[in-house]
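Take a look at the letters that make up each chain.
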Amino acid sequence: MIRVPFDFGDRTYDVTVGAGARHLLHEVIPATAERAAVVTQEAVPVEVEPGVERKVFTIGAGEAAKTLATVEDLCSRFARFGLTRRDVVVAVGGGVVTDTAGFAAAVYHRGVTVVHVPTTLLGQVDAALGGKTGVNLPEGKNLVGSFWQPGAVLCDTEVLGTLPPREYRSGCGEMAKYHFLGREGEDLEALALEARVARSVEIKASFVVGDERELLDADGAGGRPRACLNYGHTLAHALETAGGYDLRHGEAVAIGLVFAARLAAGLGRIDDARVARHEAVVDSYALDRTLPAGADTGELLALMRRDKKSRGGLSFVLDGPAGVEPVHDVAPAEVEAILKELAS
Ligand SMILES: NC(=O)c1ccc[n+]([C@@H]2O[C@H](COP(=O)([O-])OP(=O)(O)OC[C@H]3O[C@@H](n4cnc5c(N)ncnc54)[C@H](O)[C@@H]3O)[C@@H](O)[C@H]2O)c1
Ligand SMILES: [Zn+2]
């Protein structure tokens, strides 16, 4: 087992990574808890034993289930179960479950402890870490939520065995970004799965603890802004928003990473060998790194202009001599040229 501390002062907790980590649940729930509300989905074949009275609450699958209606329904069911502020919510599932259950825990009784047991690779290296919770509105994804740090996170690599191959690969696309966010010269490819997940968790922690609420900016107070975790995500979000491309999130991030590398090279920030590193990492996960057939580069450019990091001009998170950092006011012509290159 590998333990990674997330140091938030009096809200510090450990993320534990390893085969069988879910069996530690009884050790990490609050001492005051007499009941555990386990939130999960039908398709998640993972059972947990909190060691106190337990009731399982299932929610629906996919983004459609990440709604305020689901949160209301969960809170009503928690109340009928008799869950109090001294008890615990345990989220067992992918990002849809941890985001939704985490938000329900943040608002139920004005806040009850949540323990995450992420069961997708994407959840273990990203969604269940760092305290962002939330749900979707018809107007957009993740528009309502809160920062609510969990009491503990148990990343059990054993449960990844049942993931549909495409979900696993999507998690790999998210993990690919950490290959470029760690120490200089570090090689995540040399690590076995458990160590690689743990190192990804550690790298995420390194960005999150100094910038819990994502307020730092590259030209602001210094430190490593949490926004760097969006490496590869500007194009990924555009591809996802454009719709019609049938891409899982991590698949879109993989394309976005290669795009970001080529853009950085085009701007003279990195050399060709560094671009080749990005391509090799994406290839090692058997992920595509070209734009989907028929991609509309004009539409993607327009969507990237509307990205939330942007302040009018085009903003990206790009690699460079000082590592990965936010870069603003990138010339649209440069961006379009790289998009066209990736389309062929
Ligand atoms: N809060 C954050 O910081 C953060 C970060 C990244 C992503 N997210 C959110 O995470 C969500 C995506 O999460 P995801 O990729 O885990 O998708 P997901 O939660 O939809 O899970 C994918 C599918 O796998 C199934 N599944 C889960 N575990 C399984 C297992 N062990 N065996 C078999 N099937 C299993 C699920 O039921 C689901 O159908 C998005 O809503 C995204 O917004 C949040
Ligand atoms: Zn992501």
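What counts, and at which threshold
- Residues numbered from 1 in each chain as written.
- Chains lettered and ligands numbered in written order.
- Predicted model: local features only at pLDDT ≥ 70, side-chain atom pairs only at ≥ 80, totals over all residues.
- Near = placed C-beta within 6 Å.
- Helix = DSSP H or I, 4+ residues; strand = E, 2+ residues; numbered from the N terminus.
- Nonpolar A, V, L, I, M, F, W, Y, C, P; charged D, E, K, R; others polar.
- Core = buried A, V, L, I, M, F, W, Y, C linked by C-beta atoms within 7 Å.
- Buried ≥ 20, exposed ≤ 12 C-beta atoms within 10 Å, placed from the backbone.
- Domains from an automatic or database assignment.
- Contact = placed C-beta atoms within 7 Å.
- Pairing = 2+ DSSP bridges.
- Axes fitted to C-alpha atoms, helices over the stretch in contact; angles between N-to-C directions.

Draft legend 1. Quick look at the site of ligand 1. Around ligand 1 sit 30 residues, and of these Gly94, Gly95, Val96, Thr119 and Thr120 come closest. Counting residues per element, the ones that place at least two in the shell around ligand 1 are helix H3 (95-107), helix H4 (121-127) and helix H5 (165-176). In the shell around ligand 1, the residues fall into eleven nonpolar, 13 polar and six charged.

Draft legend 2. Quick look at the nonpolar core. Counting 102 residues, the largest nonpolar core has Val89, Val90 and Ala260 as the members making the most contacts within it. Each of domain 1 (2-162) and domain 2 (173-343) gives at least three residues to this core. In this view, valine 90 contacts Leu25, Ala36, Ala37, Val38, Val48, Pro50, Val115 and Val117; residues no more than four positions away in its chain are not counted.

Draft legend 3. Quick look at the pairing of strand S8 (residues 140-147). Bridge count for strand S7 (residues 132-137) against S8 is five bridges, and the pairing is antiparallel. Pairing of lysine 132 across the sheet is with phenylalanine 147, part of S8. Counted between consecutive antiparallel strands, the loop separating S7 from S8 contains two residues.

Draft legend 4. The arrangement of unusual backbone geometry in detail. Of note in the backbone geometry, asparagine 142 takes a positive phi value of approximately 55° without being a glycine. With respect to the element layout, asparagine 142 can be found in strand S8. With 15 C-beta atoms packed within 10 Å, asparagine 142 lands in the partly exposed category. In the Ramachandran plot, aspartate 246 falls in the positive-phi region, its phi being about 50° despite a non-glycine side chain. By the element assignment, aspartate 246 lies in the loop between helix H7 (233-242) and helix H8 (249-266). Overall, aspartate 246 belongs to the exposed group, with 7 C-beta atoms counted inside 10 Å.

Draft legend 5. Here's a closer look at the sheet that holds strand S1 (residues 2-6). Strand order in the open sheet formed by seven strands is S1-S2-S9-S6-S5-S3-S4, with mixed pairing between adjacent strands. The sheet terminates laterally at S1 and strand S4 (53-59), the two strands that pair on one side only. Adjacent strand axes in the sheet meet at a mean angle of 20° when their direction is disregarded. Where strand S3 (residues 35-41) meets S4, seven bridges bridge the pair, whose relative direction is parallel. Each bridged residue has a counterpart across the sheet, and for valine 39 the counterpart in S4 is phenylalanine 57. Relative to S4, helix H2 (residues 68-81) is tilted by about 160°, and along the sheet it contacts S3 and S4. Along the sheet, H3 makes contact with S3, S4, strand S5 (88-93) and strand S6 (113-118), crossing S5 at roughly 165°.

Draft legend 6. Summary view of the domain arrangement of the protein. One can read the domain layout of the protein as domain 1 (2-162) and domain 2 (173-343). For domain 1 versus domain 2, the distance between C-alpha centres works out to 27 Å. Between domain 1 and domain 2, the residue contacts involve 20 residues of the former and 18 residues of the latter. Listed by contribution, the elements that provide at least two residues to the side of domain 1 that touches domain 2 are S1, strand S2 (13-18) and H4.

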